[in-house]
Amino acid sequence: MKFTKTLAAAAAMGLALSGAATAGSHGGDPLKAGFIYVGPIGDLGWTWTHDQGRLAVEAEFGDSVETSYVESVPEGADAERVMSQMARSGVDIIFTTSFGYMDPTINVAADFPDVAFEHATGYKRAENVSTYSARFYEGRYVIGEIAGAMTETNKIGYIASFPIPEVVRGINSAYLAAKSVNPDVEFKVVWVYTWFDPGKEADAANALIEQGVDVIMQHTDSPAAMTIAEEKGVYAFGQASDMSAFGPNAQLTGIIDNWGPYYIERVKAVMDGTWESTDTWDGIAEGMVQFAPFSDKLPADVVARAEATIAAIGSGEFSPFTGPINKQDGSVWLAEGEVADDGTLAGLNFYVEGIDGELPN
Amino acid sequence: MDFSSLNAVAMIVLLIGAATPILLAAIGELVVEKSGVLNLGVEGMMIIGAVTGFITATTTGSPMLGFVGGAIGGAAVSTLFAFLTQYLLSNQVATGLALTMFGLGLAALMGRSYNGIKPPRTERLEVPGLSDLPVLGELFFSYDPIIYFSLVLVIAVWWFLNRTRAGLVLRACGENHDAAHSLGYNVQLIRFGAIMFGGACAGLGGAYVSLIRVPQWTEGMTAGVGWIALAIVVFASWKPWRVILGAYMFGGITILQLSLQALGISISGAYLSMTPYIVTIVVLVIMSADRKRASLNAPACLGRSFHASH
């Protein structure tokens, strides 16, 4: 699979290169922005929302920007090759949109000092490498509250991809939220070790439902779990985009990634020559994290609470990681009233107290 | 640890669902390889089957027609491979890989306007009286028709290969195509037919993914099942009944590890995710340890192009 994806990516790059070479010989070129995606655009989840961001850039700048993308690029060495080819083809700014592209981005950026790199969800920066991410954990706190209120079996299933800080933050945040409205709630976390494999995601959803789970949360990219939730009559949340088409009865709401404004801002910065390496981590307040419409299955008090939480997080009044919070082993992480700083959150690698099971490493 | 909530029957039902696409694709590829052709394009044919099956089912409203559509779609793309390798004598490995890439791309293109649509539901096959039995009813009579069909298909393939003259001729093409040719058999035509049968099976497996296992269409949704099917054929040492064993074992370990995690057993998910692959590798190593036996099973002309020089 990997092998063919690489070939496909290489072939795609070959085409992109030949196209770029002819276009590059004229003066007064449009600015070129490249995007590297980990899944297919048609995943209707993570990659799809990044591509929506790319389209927003095109809509904003029209002919003065030319965008290109390579989809389904495996994380690791293959990514490095695709990025190098893209950089060599005369692209001015490259967005690499998956955590696993972190080291490849840093390596390739060192070879192309004149190209601006933007790496999503990572923490390694360089002179020409910015990082950006969204505070999805803010969104997950809101849907965690809803899940805690809506579960009748008190069992919430969580389909997790890889044990990286981004995912662990989401689990912790959702758990704390669910626990705050429902002290009896129990989280069942299943690690599938993939971002995109509809079959496996569906199997995981089935296995969770078999264990009595009646609300499913996911941190994988496809709408497979939503489809299964609809079929089995349990609730679920849209991931990265509104997935209500796959689960008109199942979807309670969803976290929507809104990358467009950030992409527009960064491309503009390259145009103006003001681009410099930064670290952006925006959330509900900035509009990078948004929500799908609330389902009419939600009682009014649950909706009211969710809206209040969204407002409180948006205004900075409240942070999901506000003490007292203990680590899973019972030791103190945050004292009463203490709020976790971004550095700690960026490297979060433990469960909070109350979550069963061992966090794989 | 509390295993009591682990419902073995429900797990078996899940594992058979996870294994059936692999089983269908693998039994088709087994016939292809028995005829002496190595078609690495299983993944591509599956994804084509997934999209054509999905399109047929949603347009006609009939899941059964959907499966027919999936099989036809898979067979249709396989004729491309068959024409290139049998009549233009292209390299089978390269052509197979190309078929996979072509299939993934074409399927994405065909499925563009089918995102977010629900396919018609495939009803389970209810056997009056039997399906309601406790445990046994769920264990044996609670599946969709395709699962029963896949098992019947395996038996039929076994019977065809080992008990019929046509099966013997097909195997002869795979063992020694020159000898088959000198006896007057049309090697290319027989292989062409075998490849199409393999394509139809792969397409059916793909349709099973998009119509039953995950009833939706998403690009790249077969996510590597075709490659596993290829491995299962070798794992099964080209014996039909062992294909069932291999596919169900693979499906079983996948489901078991997900269920154990859902149960909260603290065993590293990374290792569990690896297990199906590790077990496959171990079995391959054990099997190939005895070279004579391994080579007895593999079709002697596997992957070799046939060109009638006279």
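Predicted, not measured: the structure shown is a model, and the values here were computed from it.

A. Summary view of the overall build of chain A. A count of helical and extended segments in chain A gives 11 helices and 14 strands. For 361 residues, the compact-globule estimate of 2.2 N^0.38 gives 21 Å, and chain A sits close to it at 21 Å. Taking all 361 residues of chain A together, 54% fall into the buried category. Of all intrachain contacts in chain A linking residues separated by at least 6 positions in sequence, the fraction that spans at least 24 positions is 67%.

B. Quick look at the overall build of chain B. From N to C terminus, chain B includes 13 helices and 0 strands. The order of α-helices and β-strands along chain B, N terminus first, is α-α-α-α-α-α-α-α-α-α-α-α-α. Rg of the C-alpha trace for chain B: 20 Å, near the compact-globule value of 19 Å for 310 residues, within the 12% margin. In terms of overall dimensions, chain B has C-alpha extents of about 70 × 50 × 40 Å along its principal axes. Out of the 310 residues in chain B, the part that is buried amounts to 50%. The long-range fraction of contacts in chain B, counting pairs at least 24 apart against all pairs at least 6 apart in sequence, stands at 77%.

C. Region of the structure containing the interface of chain B and chain A. With 39 residues of chain B at the interface, the matching set in chain A holds 37 residues. Elements that contribute at least two residues to the side of chain B that touches chain A include exactly α1 (8–34), α4 (92–110), α9 (187–213), α10 (225–235), α11 (240–263) and α12 (269–289) of chain B. Residue contributions to the side of chain B that touches chain A peak at 7 residues, all from α11(B). Grouping the constituent residues of the side of chain B that touches chain A by class yields 19 nonpolar, 17 polar and 3 charged.

D. Examining the pairing of strand β5 (residues 129–134) of chain A more closely. Residues and elements named next belong to chain A. Among the 6 residues that make up β5, 6 are buried, leaving the element largely enclosed by the rest of the structure. Side chains of β5 alternate between two faces, with V129, T131 and S133 and S130, Y132 and A134 buried alike. Judged from the 4 bridges that link them, strand β4 (residues 116–120) and β5 form a sheet pairing that is parallel. Within the sheet, the bridge partner assigned to A120 lies in β5 and is Y132.

E. Spotlight on helix α6 (residues 145–163) of chain B. All names here are of chain B. For α6, built from 19 residues, the straight-helix expectation of 27 Å at 1.5 Å per residue is met to within 8% by its first-to-last C-alpha distance of 26 Å. Listed in full, the buried residues belonging to α6 are I146, I147, S150, V154, V157 and L161. For α6, the angular spread of buried residues about the axis comes to 105°, placing them on one side. Exposed and oriented more than 90 degrees from the buried face of α6 are V152, I155, W159 and R163.

F. Region of interest: the nonpolar core. Membership of the largest hydrophobic core comes to 192 residues, with the highest contact counts inside it found for A:V190, A:I216, B:I22, B:A26, B:I232 and B:V243. Looking at this core, the element that brings in the most residues is α9(B), giving 16 residues. Taken together, domain 1 (2–134) and domain 2 (136–256 + 288–346) of chain A each give at least three residues to this core, which thus spans both. Setting aside residues no more than four positions away along its own chain, B:A26 makes contact with B:A229, B:I232, B:V233, B:V243 and B:A247.

G. Summary view of the sheet that holds strand β1 (residues 31–36) of chain A. All names here are of chain A. With respect to topology, 6 strands assemble into an open sheet ordered β2-β1-β3-β4-β5-β11, the strand pairing being parallel. Taken across any chain shown, the strands that pair with only one partner, and hence form the sheet edges, are β2 (65–70) and β11 (279–282). Taken pair by pair, the neighbouring strands of this sheet meet at an average axis angle of 15°, ignoring direction.

H. Representation of unusual backbone geometry in the model. Backbone torsion omega between A:G323 and A:P324 reads 5°, so that peptide bond is classified as cis. Relative to the helices and strands, A:P324 resides in the loop between α10 (300–314) and β13 (325–326). Positive phi, close to 55°, is recorded for B:L89, a residue that is not glycine. Looking at where B:L89 falls in the secondary structure, it is placed in the loop between α3 (63–87) and α4. Here the phi dihedral of B:S237 falls at roughly 40°; this positive angle occurs in a residue that is not glycine. Relative to the elements of secondary structure, B:S237 occurs in the loop between α10 and α11.

I. Spotlight on the packing of helix α7 (residues 165–175) of chain B against α9(B). All names here are of chain B. α9 packs onto α7 with a crossing angle of 105° between their chain directions and a minimal axis gap of 10 Å. Between α7 and α9, the angle is such that the two are roughly perpendicular. Taken together, the residues of α9 that come into contact with α7 (itself represented by V169, L170 and C173) are V187, I190, R191 and A194.

J. Expanded view of the packing of helix α2 (residues 46–61) of chain A against helix α9 (residues 260–272) of chain A. All names here are of chain A. As a packed pair, α2 and α9 sit with axes 8 Å apart at the nearest point and diverge in direction by 50°. For the element pair α2 / α9, the angle class is oblique. Here the hand of the crossing between α2 and α9 comes out right-handed. From α2, Q52, G53, R54, A56, V57, E60 and F61 reach across to α9, where they touch G260, Y263, I264 and V267.

The rules behind each value
Each chain carries its own residue numbering, running from 1 in the written order of its sequence. The naming scheme follows written order: chains are lettered A onward, ligands numbered 1 onward. Per-residue local features are limited, in this predicted model, to residues with pLDDT of at least 70; the limit for side-chain atom pairs, both in listing and counting, is 80 or more; totals at the level of whole chains, interfaces and linings are taken over all residues. Labels follow the DSSP assignment, with helices taken as runs of H or I lasting at least four residues and strands as runs of E lasting at least two, numbered in each case from the N terminus. This radius of gyration counts C-alpha atoms alone. The globule rule is 2.2 Å times how many residues there are, raised to the power 0.38. A residue is called partly exposed when the number of other C-beta atoms within 10 Å of its own lies between 12 and 20, exposed at 12 or fewer, and buried at 20 or more, with C-beta atoms placed from the backbone. We call two residues in contact if the C-beta atoms placed from their backbones are at most 7 Å apart. Note that Gly is not counted as nonpolar here; it falls among the polar residues with everything else outside the nonpolar set of Ala, Val, Leu, Ile, Met, Phe, Trp, Tyr, Cys and Pro and the charged set of Asp, Glu, Lys and Arg. Strand pairing is assigned whenever DSSP identifies at least 2 bridges connecting the two strands. Any helix carries an expected span of 1.5 Å times its number of residues minus one. Comment: arc refers to directions from the helix axis out to C-beta atoms. The term nonpolar core refers to a set of buried Ala, Val, Leu, Ile, Met, Phe, Trp, Tyr and Cys residues connected through C-beta atoms within 7 Å. Per the annotation, domain bounds derive from an automatic or database assignment of domains. Here the axes come from fitting lines to C-alpha atoms, over the contacting stretch only for helices, and the angles between their N-to-C directions go from 0 to 180 degrees. Roughly parallel here means an angle under 35 degrees, roughly antiparallel means over 145, roughly perpendicular means 65 to 115, and every remaining angle is called oblique. Working rule for handedness: look at the near helix, and if it is turned counterclockwise from the far one by less than a right angle, call the crossing left-handed; if clockwise, right-handed.

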